[in-house]
Amino acid sequence: MKPFAYERPVDVSSAVTTVAGRPEASFLAGGTNLVDLMKMEVLTPELLVDVRHLVSRRIETLTGGGLRIGAGVSNNELAADRRIRRRYPVLSQALLAGASYQLRNLATVGGNFLQRTRCPYFRDVTMPCNKREPGTGCAARDGHQRDLAVLGASDSCVATHPSDMAVAMAALDAVVHTVGPSGERSIQVNELYRSPADGPERDTVLERGELITAVELPASPVAATSRYRKVRDRASYAFALVSVAAALEVRDGSVTEVRLALGGVAHKPWRAATAERALLGRPATEANFRAAAEAELAAAQALAGNAFKVPLARNTIVSMLRTLTEEA
Amino acid sequence: MEQKITLRVDGKERTLTIDARTTLLDALRERLGVTSPKKGCDHGQCGACTVMLDGRRVTSCLVLAVANDGAEVVTAAGLAHGDDLHPVQRSFIAEDAFQCGYCTPGQIVSAVAMLREAEEGWPSVVSEDLDADRVVLDREEIAERMSGNLCRCAAYVNIVSAIEKVARS
Amino acid sequence: MTSVNETNEPSRRAVLKAGVGGLGAAMLPSMAEPAHAAGPATAPSAVGGGAAGGIGAALKRVEGPLKVRGAATYAFEWPVENPAYLYPLLSTIASGRITAVDAGDALAEPGVIGVLTHMNAPRLAWAEEPEVAVLQSDKVAYHGQIVGAVIADSIETARYAAGLVKLEYATEPVDVDLRADRDDLRKPEHAQGFGQLPGDLMNGSPADTTVGDFAAGMASAVHRVDATYTTPVQHHNPMEPHAAVATWTDDEITLYCGSQGVSTPQELLTRAFGLQPGRLRLISPYVGGAFGSKDFSALWGTVALMGAQLVPGRPVKLAFTRQQMFTLVGHRPASIQRVQLGADAAGKLVAISHDAVQETAKAKQYAEQTVQASRSMYAAPGRRTSTRIALLDVPVPTIMRGPGEATGMFALEPAMDELAVKLGMDPIELRLRNEPETHPETGQPFSSRHLAKCFEEGARRFGWKHRDKKPRARRKDGWLIGTGVAAATYPSPRLPGSTASARLDKNGRYTVRIAAADIGTGTWTTLAQIAAEALGVPLDRVTLQIGDSAYPRASSGGFSSGMNSWGTTIYAAARALHTALDENGGSVPPEGLQVTVGMPDDPKLKQYEFGSYGAQFAEVRVHEDTGEVRVPRLLGVFDVGRVINPVTARSQLLGGMTWGLSMTLHEETAIDHRYGNFVNNDLGGYHFAANADVGSIEVHMLGERDSHINPMGSKGAGEIGIIGTAAAIANAAYDATGIRVRDLPLTLDKLLR
């Protein structure tokens, strides 16, 4: 690790001011991803500004039925929360499918959105990588491709976003609250991430010094019938090859509400809006599920080493919708 | 970039001056001589360094010591009282739940914390009923909840048995 | 400067320092725990009352109370005063030369003591051996080779400063491409024992063998299988990274060093540094797993000693990072294997061939006996085997659990399953019909071979007879279900070069010393049991001392040879001690009686074929939608001879079977052909089985004594568990899906439809 200074500011605004004013500074929360990457010098901040004690660790019920989750809530605390388990089971399952209990005790909700990619070329500082070092090229595209994206990628970057939690959040239309140098704002999770075509070195639209302070889950009756399915190379403790977050309401045999998001396939949690449109108002049949999944994946651009993700995503979507239909 | 911190390790207060880069794991092993938690991967990918930090199991290799001034740390060494081993430790011996022993302290801290989590009703990704009030620790549940602790000798079957016996008693 | 305020006395450091010096004290990392100061092998509380405890007793591991507290001392944990830390710097090219070194920034970093590169590293007396020597020239032979090292006051500084060392290279084209159609494949030569032993392959056997007329047999066959199977590079990944603490003084040089044996690395390093015999002492009482990766390679010892030479008297600590382990301590070589089987109408084999192509390093030929099992497994009049290697810009491969057979039986045993399908015959029946009476190549008798009984017992316990005949016949909750079976075999060799001492003191206590190592196999317990049995005394009267090169020389632990080699030697020492006692009129002189003897020659070793056997059964589930593979049940029945300790033997087999599951479903090191680097070089990228991947595993041992192999009657148990497991699982996956996967690992993309 490059030597760095450690600071523990007294409030959010001074933390934000400090990081906003120093390009070499970084927020520290759970540290599970930051410390990992600092050890390999993928990230080399010279100042760590500890915000763990500054951001809320509470989950509040909002009028109207939504929830406001403090950015400092640990992944395990969030997964175990009764309100999440009952009203947003997809989120609880997504959290529990990620990493391990030990890591989830450290990892915070705010930090989880900002996890960096697991692309091995990003994590190896001796390799070209446009995300780590803009302009050096992408070694992954013609390299080891198993974990790479099939949707939304660009010539400059084919990395995937590793978070499970964010996939469920995307399906649930969650909203991220931030405090930045220019004040507070709210960002839809589905608008939080930038396309790699716009420069893969910046994962999100957050400005320098902008801190996630909370996440809001809108009230969502359909979320009560929701699930997360993660397909991976180990039964546990592995990142997703493909994951599906879905919520479904079926009335009189037809889809009346649906939320669908994919993980492991793109640079961001991929809200499957095309599939949702194809499903809404149509009979909840296997054929329609398959057609919707194929419509979503029609834009997929696969490489030799990750082409299996396309049929895998299709089958997992269909399987998930079938299961939810049986439950609904 | 050095700072002075105090940690309470296995019940004993320890004060030390450390480089901000020092992880909790290295502070314990290299500075305080507490070698019970092991370094297996140094990246949170194996669980050998598992300790309880303020009551929760964590991978100590990804925790900066400087950010944890005043914290309470429990290692596998601190679970035993002299010759009087923790029930989980005794069960690991009885079921031959280790071979080389390198992942073992992490496994044991993890198991002790896991039993507490289950008592608190924390679910797992394999829990049939996510909202159940009571967690039934069958073999599948134990295996999933212990999957953050890799064991290359592959004593998993015995590890699950050792924990299952304690969970039932 | 930093300071440590120890508020509790006595400090661990102080207590342990007092204990260092005597042979016994150095063996006893548990001195800080007074209750266990008697040492792991003699702690009375751990051996169930202390009486009896000879061969066959189901004793718990004697070092258990230490290990469950984390108090067993692994190499990096030896308490030393004021250590310096060494961090190796690895090459970022796979082939070429270093043209410039700039260590200025690194040396300017506060806390840095020195920077080693090939320009200034000590010249070794034995500089050519790539598994021992480092920093001896500007040549880079593989990506991730040690090209420098930084020594500093702290771990953090050493690692950071290593990144400040600037190297320039002249690169050459990278060739890491293993293909069976390469025109430069060659027959391996002298791959055994650092080129010092005869034989083409690592185990001393020839690369190629021919018996009878294979082509004629194949031509006459009614049913034929001709299939090619591949296995990828795999990595051992013991949980304990390779570590060493070295202290170089004018007198003794001490090296605490995790190793599968203390004598072999002590000798290699003594030769490399040109030391007087005995000056270097290597200590390794506890090893956090090895699986082959802590045997031939000694690089971490070399570089730690180089660091220690730089700061005489100051201990130097080194631990490879997990990422560094992928290139510095060997790997299982990738293989491409073609198997051809011909059978008559009744399922009798008339022809067998097995042709293996493997990768090895340009830096050094390593060639393992991948085809070995096909030479002994089944009877057939026409047969041949061959081994070819491709010399590539890769690190030197090495032995890894079940070297040879673990990969070879993934070719022979699925091929047998394919043949059974063609014959419409039960795969167990096919194997029983081809059971040889004597070794099919040498004609020598087997010392014992109870493979048929393993199948019979396994079939009964597994419920094999209820199996559906057709694939893809069973499904439940979206999962296709199948079952499969495979045979297992692994030789039980006795390695040369072990010596043991046995001592009887006036107080009636026996002490047995041998420079063996316990890599987690249970040696502390089982060797003590053997010693008690051989001496004819209760276990609590025996002190076992192992893991120190100051003890009588022993072979390394590996190839399932440990108990056979060390146990036989201890038996000889016990006999000699009894003789000495008789010669002394049955009384012990005040200074005690002590004998030191080498492992005796045994003419039987040349008269029989020695090996363990097993029958592996698997139930596999494959998800219809995703192709995910689960193995809810494995069952193995093993013929490992007489069982020395059913607790530790079962764990060995259980571990081996789990390794088999892991190599089937998960393990593959990806190599980038452009750069020659291992891509997934950490435990997030290189998957081996986690707890949730493992379901029910049943282990049964026949326990039949082998009356020829050694005084214990025991055969090897360390490797046999992994052999055939992959085949049983792949055969079961075929039964579940109708899809035959011939390339490991059996990942979901290969079963996805």
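Source: prediction; values computed, not measured.

1. Focus on the overall build of chain A
Then, number 1: Scanning chain A from terminus to terminus reveals eleven helices and twelve strands.
Then, number 2: What you see for chain A is a C-alpha radius of gyration of 19 Å, in line with the 20 Å of a compact globule of 328 residues.
Then, number 3: The principal-axis extents of the C-alpha atoms in chain A amount to approximately 60 × 50 × 35 Å.
Then, number 4: A total of 328 residues make up chain A; the buried ones form 61% of that total.
Then, number 5: For chain A, the accessible area works out to roughly 11300 Å², and carbon and sulfur atoms hold 48% of it.
Then, number 6: The average position of the 40 basic charges and that of the 35 acidic charges among the side chains of chain A differ by 5 Å.

2. With respect to a negative patch on the surface
Then, number 1: On the surface, Glu128, Asp129, Asp138 and Glu140 of chain B cluster together into a negatively charged patch.
Then, number 2: One can find Asp129 of chain B in the loop between helix H4 (104-119) and helix H5 (139-145).

3. Let's talk about helix H7 (residues 263-272) of chain C
Residues and elements named next belong to chain C.
Then, number 1: Most of H7 is tucked away: eight of the ten residues are buried.
Then, number 2: Considered for burial, the residues of H7 that qualify are Ser263, Thr264, Pro265, Gln266, Leu268, Leu269, Thr270 and Ala272.
Then, number 3: Packed against the buried residues of H7 are strand S11 (253-257), strand S12 (280-283) and helix H8 (299-310).
Then, number 4: Two residues or fewer past H7, Gly274 is found with a positive phi of approximately 60°.

4. What about the interface of chain C and chain B?
Then, number 1: Taken residue by residue, the interface counts 71 residues in chain C and 60 residues in chain B.
Then, number 2: Approximately 5100 Å² of surface area, both sides summed, lies buried where chain C meets chain B, with 51% of it carried by carbon and sulfur atoms.
Then, number 3: Sorting the residues of chain C by area buried against chain B places Val68, Met239 and Asn691 of chain C first, and these three jointly supply 15% of that buried surface.
Then, number 4: Glu77 of chain C serves as the salt-bridge partner of Arg29 of chain B, at 2.8 Å between the closest nitrogen and oxygen.
Then, number 5: On inspection of chain C and its partner chain B, the count reaches 34 residue pairs in polar contact (both at pLDDT 80 or more).
Then, number 6: For the side of chain C that touches chain B, the elements supplying multiple residues, two or more each, are strand S1 (4-5), helix H1 (12-19), helix H3 (64-67), helix H5 (155-162), helix H9 (322-328) and helix H16 (646-665) of chain C.
Then, number 7: Of the residues forming the side of chain C that touches chain B, the biggest block, ten residues, is contributed by H16 of chain C.
Then, number 8: In the side of chain C that touches chain B, the residues fall into 29 nonpolar, 25 polar and 17 charged.

5. A short note on the domain arrangement of chain A
Then, number 1: The domain architecture assigned to chain A consists of domain 1 (5-50) and domain 2 (227-327).
Then, number 2: With centres defined by C-alpha atoms, the gap from domain 1 of chain A to domain 2 of chain A works out at 36 Å.

6. Here we look at the domain arrangement of chain B
Residue and element names in this part refer to chain B.
Then, number 1: Domains assigned within chain B are domain 1 (2-79) and domain 2 (87-168).
Then, number 2: The gap between the C-alpha centroids of domain 1 and domain 2 is 22 Å.
Then, number 3: Contacts between the two partners involve 19 residues from domain 1, matched on the other side by 20 residues from domain 2.
Then, number 4: With both chains or domains summed, domain 1 and domain 2 bury close to 1500 Å², and 55% of this area falls on carbon and sulfur atoms.

7. Looking at unusual backbone geometry
Residue and element names in this part refer to chain C.
Then, number 1: Here the residue pair Leu744 and Pro745 is connected by a cis peptide bond, since its omega of -5° sits within 30 degrees of zero.
Then, number 2: Within the fold, Pro745 resides in the segment after helix H17 (725-737).
Then, number 3: Notably, Leu135 is not glycine yet its phi reads approximately 55°, a positive angle.
Then, number 4: With respect to the element layout, Leu135 can be found in the loop between strand S4 (112-117) and strand S5 (139-140).

8. Here's the deal with the environment of Gly382 of chain C
Residue and element names in this part refer to chain C.
Then, number 1: Structurally, the position occupied by Gly382 is in strand S16 (residues 382-392).
Then, number 2: Residue Gly382 is classed as buried on the basis of its relative accessible area, which comes to 1%.
Then, number 3: Separated by 33 residues in the primary sequence, Gly382 and Leu349 place their C-alpha atoms 8.9 Å from one another.
Then, number 4: In contact with Gly382, other than residues within four places in its own chain, are Val211, Gly212, Asp213, Phe214, Val350, Ala351 and Ile352.

Basis of the calculations
Residues numbered from 1 in each chain as written. Chains lettered and ligands numbered in written order. Predicted model: local features only at pLDDT ≥ 70, side-chain atom pairs only at ≥ 80, totals over all residues. Heavy atoms only, no water. Helix = DSSP H or I, 4+ residues; strand = E, 2+ residues; numbered from the N terminus. Rg over C-alpha atoms; globule rule 2.2 N^0.38 Å. Buried < 20%, exposed > 50% of the residue type's maximum accessible area, 1.4 Å probe, protein only. Areas by Shrake-Rupley, 256 points an atom, 1.4 Å probe, with all protein chains shown as cover. Lys, Arg positive; Asp, Glu negative; His and termini not counted. Charge placed at Lys NZ, Arg CZ, Asp CG, Glu CD. Patch = residues over 30% accessible without salt bridge, like charges linked within 9 Å, V, L, I, M, F, W, Y side chains within 5 Å. Salt bridge = Lys/Arg side-chain N within 4 Å of Asp/Glu carboxyl O. Contact = heavy atoms within 4.5 Å. Buried area = accessible area lost by both parts, 1.4 Å probe. Polar contact = N/O pair within 3.5 Å; in protein donor to acceptor, adjacent residues only side chain to side chain. Nonpolar A, V, L, I, M, F, W, Y, C, P; charged D, E, K, R; others polar. Domains from an automatic or database assignment.

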